Amino acid sequence: MLRLNQLNSFDMTIFFKVFFISLISMTLIACDGFEIESENGTSDPEKTFTRSELAFNVLFSSLLLNDSGLSNNRDGFIVLFKSTADLDEIELRNNDDNDALVGNYAWTIENDKLQVTYPNGVTCTSTKTAESGLEYTASNICDGGEPNNDRISNTLNKPAVFDKDNLSPSTIYIEDGDNDQRIDFYANDSFEITHLDSNGDDIANTTEVGTYDDSDIYNNVVKLDNADSNADEYRLLALLEGSLSSGTMLQLRYTKSTNVLKDIHIYTIDTSNRWDVDSVYDNISIDD
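First things first, this report covers the structure right here in the doc. Here the structure is a predicted model, which is why all the values come from computation and not from measurement. (Residues numbered from 1 in each chain as written. Predicted model: local features only at pLDDT ≥ 70, side-chain atom pairs only at ≥ 80, totals over all residues. Heavy atoms only, no water.)

**Details of the overall build of the protein**
So, step 1. For the protein, the helix and strand inventory stands at 2 helices and 18 strands.
So, step 2. Looking at the protein as a whole, 40% of its 288 residues qualify as buried.
So, step 3. Nonlocal contacts in the protein, meaning residues at least 24 apart in sequence, comprise 40% of its contacts between residues at least 6 apart.
So, step 4. In the form shown here, the protein has an accessible surface area of approximately 15500 Å², with 50% of it arising from carbon and sulfur atoms. (Helix = DSSP H or I, 4+ residues; strand = E, 2+ residues; numbered from the N terminus. Buried < 20%, exposed > 50% of the residue type's maximum accessible area, 1.4 Å probe, protein only. Contact = heavy atoms within 4.5 Å. Areas by Shrake-Rupley, 256 points an atom, 1.4 Å probe, with all protein chains shown as cover.)

**As for the packing of aromatic side chains**
So, step 1. Under the defined criterion, the tally for this structure stands at 7 aromatic pairs.
So, step 2. With a centroid separation of 5.6 Å and 70 degrees between ring planes, the pair formed by Phe49 and Tyr136 is classed as edge-to-face. A residue pair is termed long-range when its members are at least 10 positions apart, and Phe49 in the loop between α1 (2-43) and α2 (51-54) and Tyr136 in strand β7 (residues 135-143) qualify at 87 residues.
So, step 3. Summarising the aromatic geometry, the rings of Phe185 and Tyr212 are spaced 5.1 Å apart at their centres and angled 80 degrees between planes, so their arrangement reads as edge-to-face. Placement of the pair is Phe185 in strand β10 (residues 181-185) and Tyr212 in strand β12 (residues 208-214), with a sequence separation of 27 residues. (Phe/Tyr/Trp six-rings, centres within 6.5 Å; stacked < 30°, edge-to-face > 60°.)

**Description of the state of the cysteines**
So, step 1. Applying the stated rule across the entire model yields 1 disulfide.
So, step 2. Linked covalently through their sulfurs, Cys124 and Cys142 form a disulfide whose S-S length is 2.0 Å. Residues Cys124 and Cys142 are joined through a disulfide that is right-handed, its torsion about the S-S bond being 105 degrees. Highlighted residues: Cys124 in strand β6 (residues 123-132) and Cys142 in strand β7, separated in sequence by 18 residues.
So, step 3. A residue is classified by how much of its surface remains accessible, and Cys124, at 2% relative accessible area, is buried. (Disulfide = S-S within 2.5 Å.)

**Structural notes on the environment of Ser272**
So, step 1. As for its placement among the helices and strands, Ser272 is situated in the loop between β16 (260-271) and β17 (274-281).
So, step 2. Once residues within four sequence positions are removed from consideration, Ser272 is found in contact with Leu244 and Ser245.

**Overview of the side chain of Asn226**
So, step 1. Residue placement: Asn226 occurs in strand β13 (residues 222-226).
So, step 2. There is a polar contact of 2.9 Å between the side chain of Asn226 and the side chain of Glu208.
So, step 3. Non-local contacts of Asn226, meaning those with residues more than four positions away in its chain, are made with Phe191, Glu208, Val209, Gly210, Ala231, Glu233, Tyr234 and Lys256. (Polar contact = N/O pair within 3.5 Å; in protein donor to acceptor, adjacent residues only side chain to side chain.)

**Details of the nonpolar core**
One broad rule of soluble globular proteins: the nonpolar side chains tend to lie buried together.
So, step 1. Counting 22 residues, the largest nonpolar core has Ile78, Ile90, Leu92, Leu250, Leu252 and Ile264 as the members making the most contacts within it.
So, step 2. Elements with a contribution of two residues or more to this core: β1 (58-61), β2 (76-80), β3 (86-93), β4 (99-110), β14 (233-242), β15 (247-255) and β16.
So, step 3. Considering every element that reaches this core, the biggest residue donor is β14, with 4 residues.
So, step 4. Excluding anything up to four places from it in sequence, Leu250 contacts Ile78, Leu236, Leu237, Ala238, Leu240, Ile264, His265 and Ile266.
So, step 5. Core analysis: the next-biggest nonpolar cluster, separate from the first, contains 20 residues, Phe49, Leu59, Cys124 and Ala138 among them. (Core = buried A, V, L, I, M, F, W, Y, C linked by side-chain atoms within 4.5 Å.)

**Brief notes about unusual backbone geometry**
So, step 1. In this structure, the amide linkage connecting Ser168 to the following residue, Pro169, adopts the cis form with an omega of -25 degrees.
So, step 2. Relative to the helices and strands, Pro169 is located in the loop between β8 (154-157) and β9 (170-175).
So, step 3. For Phe56, which is not glycine, the phi torsion reads 65 degrees and is therefore positive.
So, step 4. The residue Phe56 is located in the loop between α2 and β1 in this model.
So, step 5. Within the chain, Asn111 stands out as a residue other than glycine whose phi angle is a positive 55 degrees.
So, step 6. The class for Asn111 is exposed, based on a relative accessible area of 67%.

**Let's talk about the pattern of salt bridges**
So, step 1. According to the stated counting rule, one finds 16 salt bridges in the structure shown.
So, step 2. A salt bridge links Asp278 to Arg74; its shortest N-O distance comes to 2.8 Å. In this pair, Asp278 is assigned in strand β17 and Arg74 in the loop between β1 and β2, connecting sequence segments 204 residues apart. For the residue pair Asp278 and Arg74, the accessibility class agrees, reading buried in each case. (Salt bridge = Lys/Arg side-chain N within 4 Å of Asp/Glu carboxyl O.)

**Remarks on the environment of His265**
So, step 1. Relative to the helices and strands, His265 is located in strand β16.
So, step 2. Residue His265 is classed as buried on the basis of its relative accessible area, which comes to 8%.
So, step 3. For the pair formed by His265 and Val277, sequence separation is 12 residues and the distance between their alpha carbons is 6.9 Å.
So, step 4. Contact partners of His265, with chain neighbours within four places excluded, come to Asp176, Met249, Leu250, Gln251, Val277, Ser279 and Val280.
So, step 5. At a separation of 3.2 Å, a polar atom in the side chain of His265 contacts the side chain of Asp176.

**Examining the pairing of β17**
So, step 1. By the bridge criterion, 3 bridges tie β9 to β17 in an arrangement that is parallel. Of the residues in β17, the one forming a bridge with Tyr173 is Arg274.
So, step 2. Direction of pairing for β16 relative to β17: antiparallel, over a ladder of 7 bridges. Bridging from a neighbouring strand, Thr271 pairs with Arg274 of β17. (Pairing = 2+ DSSP bridges.)

None of this, on its own, says anything about what the molecule does.
What follows is the structure, encoded as structure tokens:
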């Protein structure tokens, strides 16, 4: 009996040692697995596109913020999400002709990704990879060939916050070579544009009048609606970066009666009342 008891005691000792070692191992594995899952869940969340962040907003590629230097031109593209299903995309082409390619394309959100369909049948899918404040990055793949316009990918930006109250009341001088202007913004949401000669003096009979307001389509965009029937135009202003004392301003000028883009100006702002022309795109092609 003594030997049997000793044997049973020995077997039980081994059993408990194996049991406790197994229990500790299982606990460590479980804890390690929990930590890995928790880390992945918090540090690398899935990035998604939503209609609410895109519809009626403006995006532009980071290339527009690069100094044009000696070329007097900038690269990049601008995307105007004018509805929940249509966007206008403007590609600025850096060459001597000041070309811009404009297209109206269909867009949608599929599986948290942005899909854009171009007129030539190409569909490009953009996946958001990072987001921080007014900037995010996206990767892109296309099905059916290559689009005529730029893909919506790499680093994209939203304009700085900007509304009509930033302009009222104020006077702004636009230095634009042979087409210098003074714009007077009044507190009653009206404005006057006066063309200036080489000495900075008013040119007689050139004053145009209109009203300005926050855009009725796009967020953070101010619309200058020219009331002069001879001018037949309106302008959209978007502050790409900075402020009205030190920043970069985008102007899109349209024919009012046909809603066709006439030209694009990018201004650099170095003082609170002077905008200097940086780049001009007045050779507009339509991608259809």
